[in-house]
Amino acid sequence: MKRRRMSAECEMDHSYAMPNVNDNSNALLKKIQNVYANKLLNDITLVVGGISYPAHRFMLCISSDVFETMLMNSTWSDSHQEVIELQEVQQCIEVFPVFLQYFYTGVITLEQSNIMPMLVLADKYNVKDLTTLCVEYMCEHIADAADQGQLVTWFQYVLSLNQPTTINASYYCKIWQDIDCMEIKPPWNKLLKACRNYIKWNLDSCTKCFNTFQCDILVGLLKQSDVVVHDEMQLFGCVASWLNYQSAEKLLECNDSDTIEDYMSSLTEHVMSYIRYPMILPRQMAQLLMVPVVKQNKDFFVDKMAAAMEYNLIKTEKRSDSEHILECTPRLYTCERWGNSFRVRTKVIQNYQSIKREIVTCSSLFDRERELNEESNWVCSLYT
């Protein structure tokens, strides 16, 4: 009996002797943070915007592929320098200390005021984990970006990073269409799609950033039929505002009034050609005559308005050319002429899951030559 008890006790003691894994990584991280905070043992200094930032080659290299190449590749002139000056734009200069501190702490506060320059720095120095954090933040704050006039800037920045070597007119249409985000790699494809869809489906919420559109990108948007907008008049007003902004910007570059006038006349005809004038009600046409851009380009707009009046008031022979078909195709208008308003009673739409609702519209709204006021049932899928 005694031998058995001793054996059991030995087995019990052996079980208590199993190795115990202790995670003390937080203490190590605090030591690294302390080295940075107290500027200890630094072996390199980064100068940004005239301000010196003591740092450590080891931390720079393990955090950034670009810094690793700069500091470890002997063919680079900076590899043996103890002081390196980095050229950054003003917005990036302001957030650089927070950017550098992230290398040592892994902690960063992202907000609307710093997200764009932080993303620029993260992408420039190829800090992949920070890039992913920035993109995730932006995807979750799309509506806030539109409200603060930044959304179009986000959208165009992603495009600038992923532009093909050859660009033609069709490219600016494809960027607005759901073609697998044009084979753009993660995480940029997710952000591009989120920005694009919000702009197309909530154009009335993007008025604060509408003027920041690049011309070709705006034209690509105007060519789309799946743009959600109150009516064509609202879209006309947005483009007119955009033209006024371009005129003001041109005045800062050039003092020659004749040059500016010729430039704006050409730009107006180019962009305003994609407004769908037949979709504007005849009674709304009179309002167009009071718009300054129309007064300044009467010949161009009178021709467009005459063709629209003819379409709305006279049963002319239908043309088959693609340009005519496009301008006579309604967009996704939300005004009562094109459909009914309705409410969706739900607390949250999670993970882009759809909610289906039925609405009724008049068939005659989509074919002006039909005399019967038939009703059509539609099943709509709503998304966040």
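Let me begin by describing the structure that accompanies this report. Keep in mind that what you see is a predicted model, and the values were worked out from it rather than measured.

### Structural notes on a negative patch on the surface
A cluster of acidic residues, Asp256, Asp258, Glu261 and Asp262, forms a negative patch at the surface. Its location among the elements puts Asp256 in the loop between α13 (232-253) and α14 (257-272). Look at Asp256 and you get partly exposed, because its relative accessible area is 37%.

### Some remarks on the pairing of strand β1 (residues 44-48)
Most of β1 is tucked away, with five of its five residues classed as buried. Taking every second residue as pointing to the same face, both faces of β1 are buried, with Ile44, Leu46 and Val48 on one and Thr45 and Val47 on the other. Pairing analysis gives five bridges linking β1 to strand β2 (residues 51-55), with the strands arranged antiparallel. Along β2, the bridge assignment pairs Val47 with Ser52.

### Points about the sheet that holds β2
Read from one edge to the other, the open sheet built from three strands follows the order β2-β1-β3, with strand pairing classed as mixed. Here the strands that pair on one side only, and so sit at the sheet edges, are β2 and β3 (83-86). Averaged over all pairs of adjacent strands, the angle between strand axes in this sheet comes to 25°, irrespective of strand direction. Taken strand by strand, helix α4 (residues 65-72) contacts β1 and β3, and its axis lies near 135° from that of β3.

### Observations regarding the packing of aromatic side chains
Under the defined criterion, the tally for this structure stands at 14 aromatic pairs. Both rings, one in Phe67 and one in Tyr125, keep their centres 4.8 Å apart while their planes meet at 5°; by these two values the pair is stacked. Separated by 58 residues along the polypeptide, Phe67 in helix α4 and Tyr125 in the loop between α6 (115-124) and α7 (128-140) bring together distant segments of the chain. The class of Tyr125 is buried, set by a relative accessible area of 3%.

### Things to note about the packing of helix α12 (residues 215-222) against α14
Where α12 meets α14, the axes come as close as 10 Å, and the angle between the chain directions of the two elements is 30°. It follows that α12 is roughly parallel to α14 by the angle criterion. Contacts between α12 and α14 involve Cys215, Leu218, Val219 and Leu222 from the first element and Leu267, His270 and Val271 from the second. Taken together, the residues that form the contact of α12 with α14 break down as six nonpolar, one polar and no charged.

### Focus on helix α17 (residues 298-313)
Compared with the 22 Å implied by 1.5 Å per residue over 16 residues, the 22 Å span of α17 between its first and last C-alpha is a close match. Turning to α17, its buried residues number three or more, namely Phe300, Phe301, Lys304, Met305, Ala308 and Tyr311. Buried residues of α17 fall within an arc of 120° about the axis and therefore sit on the same side. When the buried face of α17 is taken as reference, the exposed residues oriented beyond 90 degrees from it are Lys298, Asp299, Asp303 and Leu313.

### Concerning the packing of helix α2 (residues 25-37) against helix α5 (residues 90-105)
Interaxial distance between α2 and α5 falls to 8 Å at its minimum, and their mutual angle equals 145°. Each of Leu29, Ile32, Gln33 and Tyr36 in α2 lies in contact with α5, whose residues at this interface are Pro97, Leu100, Gln101, Tyr104 and Thr105.

### Focus on the environment of Gln234
Tracing the sequence through the fold places Gln234 in helix α13. On the accessibility criterion, Gln234 (27% relative accessible area) is partly exposed. Along the sequence, Gln234 and Ile280 sit 46 residues apart, while their C-alpha atoms lie 9.9 Å from each other. Other than its neighbours up to four places away in sequence, Gln234 contacts Asp204 and Val229.

### Quick look at the nonpolar core
Grouped together as the largest cluster of nonpolar side chains are 104 residues, with contacts concentrated most on Leu151, Ile199, Phe213, Phe236, Met272 and Tyr277. Considering each element in turn, this core owes the most residues, nine residues, to α5. Aside from chain neighbours lying at most four places away, what touches Leu151 is Ile142, Ala145, Ala146, Cys195, Tyr198, Ile199, Cys206 and Cys209.

Parameters and conventions
- Residues numbered from 1 in each chain as written.
- Predicted model: local features only at pLDDT ≥ 70, side-chain atom pairs only at ≥ 80, totals over all residues.
- Heavy atoms only, no water.
- Patch = residues over 30% accessible without salt bridge, like charges linked within 9 Å, V, L, I, M, F, W, Y side chains within 5 Å.
- Areas by Shrake-Rupley, 256 points an atom, 1.4 Å probe, with all protein chains shown as cover.
- Salt bridge = Lys/Arg side-chain N within 4 Å of Asp/Glu carboxyl O.
- Lys, Arg positive; Asp, Glu negative; His and termini not counted.
- Charge placed at Lys NZ, Arg CZ, Asp CG, Glu CD.
- Helix = DSSP H or I, 4+ residues; strand = E, 2+ residues; numbered from the N terminus.
- Buried < 20%, exposed > 50% of the residue type's maximum accessible area, 1.4 Å probe, protein only.
- Pairing = 2+ DSSP bridges.
- Axes fitted to C-alpha atoms, helices over the stretch in contact; angles between N-to-C directions.
- Contact = heavy atoms within 4.5 Å.
- Phe/Tyr/Trp six-rings, centres within 6.5 Å; stacked < 30°, edge-to-face > 60°.
- Parallel < 35°, antiparallel > 145°, perpendicular 65-115°, else oblique.
- Nonpolar A, V, L, I, M, F, W, Y, C, P; charged D, E, K, R; others polar.
- Expected span 1.5 Å × (residues − 1).
- Arc of directions from axis to C-beta.
- Core = buried A, V, L, I, M, F, W, Y, C linked by side-chain atoms within 4.5 Å.

These figures capture arrangement, not role.
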